Amino acid sequence: MSHVGKKFPGTIAVDDVSFEVYAGEVHALVGENGAGKSTLMKMLAGSFDDYTGRILINGKEVALHSPTVAKKYGIGMIYQELSLAKPISIAENLLVGRLPKKGPFLDRKRIDSETRSWLSRVGLDLDPNLPIEDISPHEAQLVEIAKVLANKPCILVMDEPTSALSREEVDRLFEIIGQLKNQGLAIVYISHHLPEIFAIADRITVMRDGKKVATKDKAEMTREEVVQMMVGHSEREFYHGQPRASGGERLRVEALTRKGFFHDVCFAARAGEILGICGLAGAGRTELARVLVGLDRKDSGKVFLDGREASPRNMAAALRLGIAYLSEDRKSEGLALRLSIKENVLAGLIPMHSKAGVYLPEAGSAVLESLMRELSIYPRDPSRTVGNLSGGNQQKVLLAKWMACGPKVLILDEPTRGVDIGAKMIIHAQIERLANEGHTIILISSDLPELVGLSDRVMIMRKGHFIREMAKEDCTEESVLIAANTDVARPAQEVAHG
Amino acid sequence: MADQAIAKADARSTAQGRFIHFVNVIGIYFAALLFVLLGFALQAAGVITNFASAQNFLNIVDNVAMLGIVAVGMSFVTYSGSMADMSVPTTMALSGIVAVQFLKVGFWPAIAAAFAVGLVIGLVNAVVVGRFKANPIIWTLAINYVCMGIIRVVWVNKQIYPDMIASTKDVSQAFDAIYRLEVVKGLGGNPLASLRLPLVMMVAIVIIGQIVLSRTSFGAQLKLTGSARKAAKFTGVNVELITGAAFIVAAITATLGGLTVTSLSRVGAYYNGAGYDFRAVTAIVIGGMSLSGGRGSIIGVLGGVLIIGLINNIMTLIGIPTLSQDMIRGAIFITVVGINAKSLRSLGRDDA
């Protein structure tokens, strides 16, 4: 790939990147969330028809404008999320689109034997007729890999292929990768997980903010250098990091447990404090937030708000107590996309702005006006439909909804996911302002610079447990990342990657 | 820069949306007017007689009033995002027949019994669809058959007559008056121009319904629930309660409709209310209410009811058999839903 680029409305996701991968090589691609790794690989997979630059395969320029074309050139993609259809069988998933036939009928015997041979390549011995929903997630992950291999690719891209696998399965996958490499495949391996990368890669390319930082042989780099390159210092200046005068204890959580999701979680947060929670997706961060606002039931433990026990039974009760939750899923759980900015921002205030059952939306005009100004929501017309706004402005509307409610405790779950840098800066400034005004902020984020830059303290969560607390002085992006990556107390693939 | 482009496109789409809403409401009444003109034209052409008679206009008003009462209640269900309440026909029949049975005790006990029946059906729907998230169409259809079974078993396929059951003649007359009471007698000395109870009830229900949907916190929460159920839940709206309340509203208006129809026909029977489900849904959809919820108004629904009333009247005058009428109404329904879906898609909101 030579000088390729891809713009999205409002942001440049990949900017003038050149990248090459050789046959018989495992090339690792690393970078933080939003660095542009996935976009770069999607270009290779033919997901965009408007990229700039040139892509060459075996020295010949190709135009990868659709997934079908990319497949034809032998590019195989293994994504984090499974692309298998759950109700149908392994065989049908594996051989989709080219099931062997005998006359007008399917050739059951050949389907069976072909599927078995591909499954054995990834070390699985399963009945090809089992539906995907009946096998475990890690088996499904391996079936996914077998499915891509069945298309006989010459370039194989793997995006976080180990996130659902156990230690033994990772070892087996690495063995398979080794075999494929020896057969002459070119492999691009995307991961957050540095130990894996140093175990498997021949060369490493680091990306940051849509640009390539460097490509080097594994032997020339240390883990610390890679982390340094990933993190960079480009975003550092956005965070003021002024010490805040935080007040008394606002929220105390004692041995809170929801079985199967998180266990014995204890922490306290003061008024005017930003408490960061860091952890891998699935570590139980969102589940913890859902229990705190009454969307899910706890199994045991206690929560105290201002010294009084607070276990809201639903979101409405949580709001009355003064606990609000900004969901990570903006489009379905956060906003009513068909309604206006005004209706969305004031949605949480309907009970407060009603007298004897009569709703008076005008009561919120002043709040709406000032929030739209403070958050620079664009366009400045409150009657606009939220679904037509840019992602950044949608996210600002969502934050405005919760700011309007003036909660004592505001839980923010990925408050800047998929948002451009301008909106991100505004949202960060508002989060800091809220804390300065004495609100307690619980910040759940996979964006490390954001988490480290904003938080007064960071709690690291893994597999449903709080494993470590880091004070602001000890928190740098490097230290959090390295701490998470070098912790050997637990199997490596569980380690939080931020 | 990108934001500006988005804003421009959005301004266009917002204006277009407002325009379409305006055209929708005005257009519905304009269409209703066209059907009136069609009636006159057909009479002038000699295809039908009696369209332009005072008696016929009274017929239209009565039909519109009864359908209107039921449709306004059901539109709360549609607005909440639960599409339709298919248990309306037997809610009407059962509440009507129970009322006739209780005329033995007296007029007000009969009314109370009818509402008790309606509320029980509404509550069951509210709990099962609201709380347990059953598919609203399938569930209310099932309830419809269960209630039909109850009527057939309890009254062994018999029709019952108010004048035979009522304890006194006064009670029977009071029941007759639900349909026939002239609230305002003979405007301008013309006995045909009096306002009768069903029309008065419908106008009251339309006004109340419009105010509740557009001006109350219940209406605002209903809109949020119908537009984005999950987001509403995450905003602290008790979506289960709100959805359930919509079904109770639909059951209450169905009871009112049931009492009116039973009073009109002077007989309690399983078939009272037949066809009201589909006619109400068609009126709601013609009235510009989106089947996916959160969009539309009661004023629009009233326009839809007017159109359905006029179409029914003209078809009957022409002499089209009932079954063919159903076919024509079905075709109209499909056309309107199709047009709605298309115009929404062109606005970039592909949810009809």
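Residues numbered from 1 in each chain as written. Chains lettered and ligands numbered in written order. Predicted model: local features only at pLDDT ≥ 70, side-chain atom pairs only at ≥ 80, totals over all residues.

A. Inspection of helix 9 (residues 285-292) of chain A at higher detail. Most of helix 9 of chain A sits inside the fold, with seven of its eight residues counted as buried. Just downstream of helix 9 of chain A, Gly294 of chain A is the residue with a positive phi angle, here 80°. (Buried ≥ 20, exposed ≤ 12 C-beta atoms within 10 Å, placed from the backbone. Helix = DSSP H or I, 4+ residues; strand = E, 2+ residues; numbered from the N terminus.)

B. Looking closely at the pairing of strand 21 (residues 409-413) of chain A. Residue and element names in this part refer to chain A. Taken across its five residues, strand 21 has five buried, putting it largely inside the fold. Of the two faces of strand 21, the one lined by Val409, Ile411 and Asp413 and the one lined by Leu410 and Leu412 are each fully buried. Where strand 18 (residues 323-326) meets strand 21, four bridges bridge the pair, whose relative direction is parallel. When the bridges of strand 21 are listed, Leu326 appears paired with Leu412. One crossover worth recording links strand 21 to the parallel strand 22 (residues 440-444) by way of helix 15 (residues 421-436), and it is right-handed. (Pairing = 2+ DSSP bridges. Right-handed = clockwise from strand over helix to strand, strands pointing away.)

C. Summary view of the sheet that holds strand 18 of chain A. Residues and elements named next belong to chain A. The strand order across the open sheet built from six strands is 18-21-22-15-23-24, with neighbouring strands paired in mixed fashion. Both edges of this open sheet fall to strand 18 and strand 24 (465-471), since each of them pairs with a single strand only. Pairwise comparison of adjacent strand axes, ignoring direction, gives a mean angle of 20° for this sheet. Of the strand pairs in this sheet, strand 15 (residues 274-278) and strand 22 are connected by four bridges, and their pairing is parallel. The residue of strand 22 that forms the bridge with Ile277 is Ile444. The sheet strands contacting helix 14 (residues 391-405) are strand 18 and strand 21, and the helix crosses strand 18 at an angle near 180°. Strands strand 15, strand 21 and strand 22 of the sheet are contacted by helix 15, whose axis makes an angle of about 145° with strand 22. (Axes fitted to C-alpha atoms, helices over the stretch in contact; angles between N-to-C directions. Contact = placed C-beta atoms within 7 Å.)

D. Inspection of the environment of Ile160 of chain B at higher detail. Residue and element names in this part refer to chain B. Locating Ile160 in the fold gives a position in the loop between helix 5 (136-154) and helix 6 (162-165). The exposure class of Ile160 is partly exposed, given the 16 C-beta atoms found within 10 Å. Remark: the alpha-carbon pair of Ile160 and Ile97, spanning 63 residues in sequence, is separated by 7.3 Å. Residues in contact with Ile160, not counting those within four places in the same chain, are Ile97, Val100, Gln101, Trp155, Ile165 and Gly268.

E. Seen up close, the interface of chain A and chain B. Listed by partner, the interface residues are 31 residues for chain A and 28 residues for chain B. Elements that contribute at least two residues to the side of chain A that touches chain B include exactly helix 10 (315-321), helix 11 (330-334) and strand 20 (358-359) of chain A. Here the side of chain A that touches chain B is built from residues that sort into 16 nonpolar, 12 polar and three charged. (Nonpolar A, V, L, I, M, F, W, Y, C, P; charged D, E, K, R; others polar.)

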